[in-house]
Amino acid sequence: MKWNMYRITYIAGFIGSVVIVLGSVITALAYSGKQGQPYSPLNHFVSELGEVGVSQAATVFNISLMIGGLCLAVFLVGLALQFNGWFRYVFGLLGLISGIAGALVGVFPMNNLEMHSLVALTFFNTGWIIVALFSIYILVTRPPRFPLWLLIPGVVTVASFLAFLNVVGSLGTEALAAPTDRLPVWDVTVFEWLLIVGLLVWVFLVSFQMWRTED
């Protein structure tokens, strides 16, 4: 097998998305909160899976974020190389920042809330811009490798990012702390999980499309 940046890009996308999904599922199944409650994406933050001293498999989740974040950085930088002109440099730089910030969320779990909030919000704010830029690019240039149906997961993902950031912006960064009393369904955590799932699906589908059209 001949290895090149194109192939490394979609393989990194596959590995990153799968590792984060597996890490999340394994950790969620082992989770028992401070009140003995099971994990629920309806009222638990994603980062609570990595909260040391509370989440029983926090190490598994945090390592999956480190691996997944670095893979995301490789994927996005490699994806930028498929574009032309100045756009590739802007996209590649944002992708590198976003991927590294995602990996650092695992390095700084929510036990260190100040640093955790900084890297998490960096990831969120660069993440939606990256997906939006990619969606606009394929809409305008119509590259044969990336069909227009990729706009669907792109738009859903961007909308989820913006909905989450809007709620956090109205409540303040303290909203990122795990609450003592939980609503059965909390819009902040629901939007966060929607954006994470949306991003992982988007990465997987773009990687799949690159793999399918490699020849």
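Residues numbered from 1 in each chain as written. Predicted model: local features only at pLDDT ≥ 70, side-chain atom pairs only at ≥ 80, totals over all residues. Heavy atoms only, no water.

Engineer: Help me out: how do you make sense of unusual backbone geometry in this one?
Structural biologist: With the exception of glycine, most residues fall at negative phi, and the peptide bonds are largely trans. In this model, Arg142 sits at a positive phi of 50°, which is unusual for a non-glycine residue. Within the fold, Arg142 resides in the loop between helix H4 (113-141) and helix H5 (151-171). (Helix = DSSP H or I, 4+ residues; strand = E, 2+ residues; numbered from the N terminus.)

Engineer: Would you mind going over the environment of Leu118 with me for this structure?
Structural biologist: Its place among the elements puts Leu118 in helix H4. Between the C-alpha atom of Leu118 and that of Thr157, which follows or precedes it by 39 residues, the distance is 21 Å.

Engineer: Just to check I follow, could you spell out the nonpolar core for this structure?
Structural biologist: If you look at soluble globular proteins, the nonpolar side chains tend to sit buried side by side. One finds Phe75, Leu79, Phe91, Phe124, Phe134, Trp202 and Val206 to be the most contacted residues of the largest nonpolar core, which totals 55 residues. Elements with a contribution of two residues or more to this core: helix H1 (5-30), helix H2 (58-80), helix H3 (86-107), H4, H5 and helix H6 (187-212). Looking at this core element by element, the count peaks at 11 residues for H4. Phe75 has contacts with Thr9, Ala12, Gly13, Trp202, Val203, Val206 and Ser207, leaving out every residue within four places of it along the chain. (Core = buried A, V, L, I, M, F, W, Y, C linked by side-chain atoms within 4.5 Å. Buried < 20%, exposed > 50% of the residue type's maximum accessible area, 1.4 Å probe, protein only. Contact = heavy atoms within 4.5 Å.)

Engineer: Sorry if this is basic, but what is going on with a nonpolar patch on the surface here?
Structural biologist: Among the surface-exposed residues, Val18, Leu22, Ile26, Val60, Phe204, Phe208 and Trp211 lie close enough to one another that they form a single nonpolar patch of about 610 Å² accessible area. At the level of secondary structure, the elements contributing two or more residues to the nonpolar patch comprise H1 and H6. Within the secondary structure, Phe204 is located in helix H6. Among the residues examined, Phe204 registers a relative accessible area of 35% and is labelled partly exposed. (Patch = residues over 30% accessible without salt bridge, like charges linked within 9 Å, V, L, I, M, F, W, Y side chains within 5 Å. Areas by Shrake-Rupley, 256 points an atom, 1.4 Å probe, with all protein chains shown as cover. Salt bridge = Lys/Arg side-chain N within 4 Å of Asp/Glu carboxyl O.)

Engineer: Hey, could you run me through the packing of H2 against H6 in this one?
Structural biologist: Packed helices, taken two at a time, are described by the angle between their axes plus the distance between the axes. Here H2 crosses H6 at 50°, and the two axes come no closer than 12 Å. One element, H2, and the other, H6, form an angle in the oblique class. The handedness of the crossing between H2 and H6 comes out as left-handed. Contact residues: H2 offers Leu72, Phe75, Leu76 and Leu79, while H6 offers Trp202, Val203, Val206, Ser207 and Met210. For the contact of H2 with H6, the residue count by class is 8 nonpolar, 1 polar and no charged. (Axes fitted to C-alpha atoms, helices over the stretch in contact; angles between N-to-C directions. Parallel < 35°, antiparallel > 145°, perpendicular 65-115°, else oblique. Left-handed = near helix turned anticlockwise from the far one by under 90°. Nonpolar A, V, L, I, M, F, W, Y, C, P; charged D, E, K, R; others polar.)

Engineer: Looking at this structure, I do not really get the pattern of salt bridges. What am I missing?
Structural biologist: For the structure shown, the criterion picks out 1 salt bridge. The partner of Arg7 in a salt bridge is Glu214, and the shortest N-O contact between them spans 2.7 Å. Here Glu214 lies in the segment after H6 and Arg7 lies in helix H1, a separation of 207 residues in the sequence. Arg7 gets classed as buried once you look at its relative accessible area, which sits at 15%.

Engineer: So what exactly am I meant to see when it comes to the packing of aromatic side chains here?
Structural biologist: In this description, a pair of aromatic rings is defined by centroid distance and the angle of the planes. Overall, the coordinates contain 21 aromatic pairs when judged by the stated rule. The interplanar angle of 75° and the centroid separation of 6.2 Å between the aromatic rings of Tyr39 and Trp193 together place this pair among those described as edge-to-face. Taken as a pair, Tyr39 in the loop between H1 and H2 and Trp193 in helix H6 lie far apart in primary sequence, 154 residues in all. On the basis of an interplanar angle of 65° and a centroid distance of 4.8 Å, the ring pair of Phe124 and Phe164 is categorised as edge-to-face. One end of the pair, Phe124, is in helix H4; the other, Phe164, is in helix H5, and 40 residues separate them in sequence. Within the aromatic cluster, the residues linked to one another by ring pairs are Phe75, Phe83, Trp86, Phe87, Phe91, Phe134, Tyr137, Phe146 and Trp202. (Phe/Tyr/Trp six-rings, centres within 6.5 Å; stacked < 30°, edge-to-face > 60°.)

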